[in-house]
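Analysis of the macromolecular model
Listed below, chain by chain, are the residues.
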Amino acid sequence: IARRAPRAPADLAAVPGFPKGAQRDAKEILATVLRGATLPEDALPPAPPKSPSAGPGAEASADLLIALARARAAEREIAPAILATRADLMDLVAWCRGRRPDPGRLMTGWRRAEIGDDLVSVLRGERTIALDPKTGEARLAGP
């Protein structure tokens, strides 16, 4: 939404992954976008710090987790990036490997309930990700 800077409800509805039910909040969302666009440079929040390296194999781990995140987002009918970005997944991998002091946003609030705990169980080897033979979608397997 921020990248597209919609000006009208129709623009907002055209944003990929924008929930249909959120149209009722279109006026408030558009007003927030306008407020953000008019902020002076010195009033903008600082960019988040770059995550420390998650170590060898971290990219492959994130690739695997992305499959589960995409499937879960599709089930919830939200854009995958709203649920978990690649940076979020890399933060989680780094945290599980002891290379980051906090797990990032996947282990807080609604994201933890939706996917965070499941991702950690995969990273700890407690569960696995399998493909559903009928749909081809990624799903959790194991105890």
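Let me sum up the structure you'll find in this document. (Residues numbered from 1 in each chain as written. Predicted model: local features only at pLDDT ≥ 70, side-chain atom pairs only at ≥ 80, totals over all residues. Heavy atoms only, no water.)

Thoughts on the side chain of D88
- Here D88 shows up in helix α5 (residues 86–96).
- In this structure the side chain of D88 is engaged in a polar contact, spanning 2.9 Å, whose partner is the backbone nitrogen of T85.
- For D88, the contacting residues outside a window of four places in its chain are L83, R105 and L106. (Helix = DSSP H or I, 4+ residues; strand = E, 2+ residues; numbered from the N terminus. Polar contact = N/O pair within 3.5 Å; in protein donor to acceptor, adjacent residues only side chain to side chain. Contact = heavy atoms within 4.5 Å.)

Comments concerning the packing of α5 against helix α6 (residues 109–123)
- As a packed pair, α5 and α6 sit with axes 10 Å apart at the nearest point and diverge in direction by 50 degrees. Comparing their axes, α6 and α5 come out oblique. Regarding α5 and α6, the two cross each other, and that crossing is right-handed. Contacts between α5 and α6 involve L89, L92, V93, W95 and C96 from the first element and G116, L119, V120 and L123 from the second.
- Partitioned by chemical class, the residues of the contact of α5 with α6 number eight nonpolar, one polar and no charged. (Axes fitted to C-alpha atoms, helices over the stretch in contact; angles between N-to-C directions. Parallel < 35°, antiparallel > 145°, perpendicular 65-115°, else oblique. Left-handed = near helix turned anticlockwise from the far one by under 90°. Nonpolar A, V, L, I, M, F, W, Y, C, P; charged D, E, K, R; others polar.)

As for unusual backbone geometry
- A positive phi angle, close to 45 degrees, is found at A5, a residue other than glycine.
- With respect to the helices, strands and loops of the structure, A5 is situated in the segment before α1 (9–13).
- For E77, which is not glycine, the phi dihedral falls at a positive 60 degrees.
- Locating E77 in the fold gives a position in the loop between α3 (58–76) and α4 (80–83).

Thoughts on the pattern of salt bridges
- The final tally for this structure, using the stated rule, is eleven salt bridges.
- Between R72 and D118 there is a salt bridge whose closest N-O contact spans 2.9 Å. With R72 in helix α3 and D118 in helix α6, the pair connects residues that are 46 residues apart, well separated along the chain. For the residue pair R72 and D118, the accessibility class agrees, reading buried in each case.
- For the salt bridge of D117 with R112, the shortest nitrogen-to-oxygen distance reads 2.9 Å. (Salt bridge = Lys/Arg side-chain N within 4 Å of Asp/Glu carboxyl O. Buried < 20%, exposed > 50% of the residue type's maximum accessible area, 1.4 Å probe, protein only.)

Structural notes on the side chain of S121
- For S121, the position within the fold is in helix α6.
- Residues contacting S121, with those up to four places away along its chain left out, are E126 and R127.

Section: the environment of A130
- If you trace the backbone, A130 turns up in strand β1 (residues 128–131).
- Note on A130: relative accessible area 22%, which makes it partly exposed.
- Between the C-alpha atoms of A130 and Q23, which are 107 residues apart in sequence, the distance is 35 Å.
- Among all residues touching A130, those that are not within four sequence positions of it are E137, A138, R139 and A141.

What is shown is where atoms sit, not what they do.
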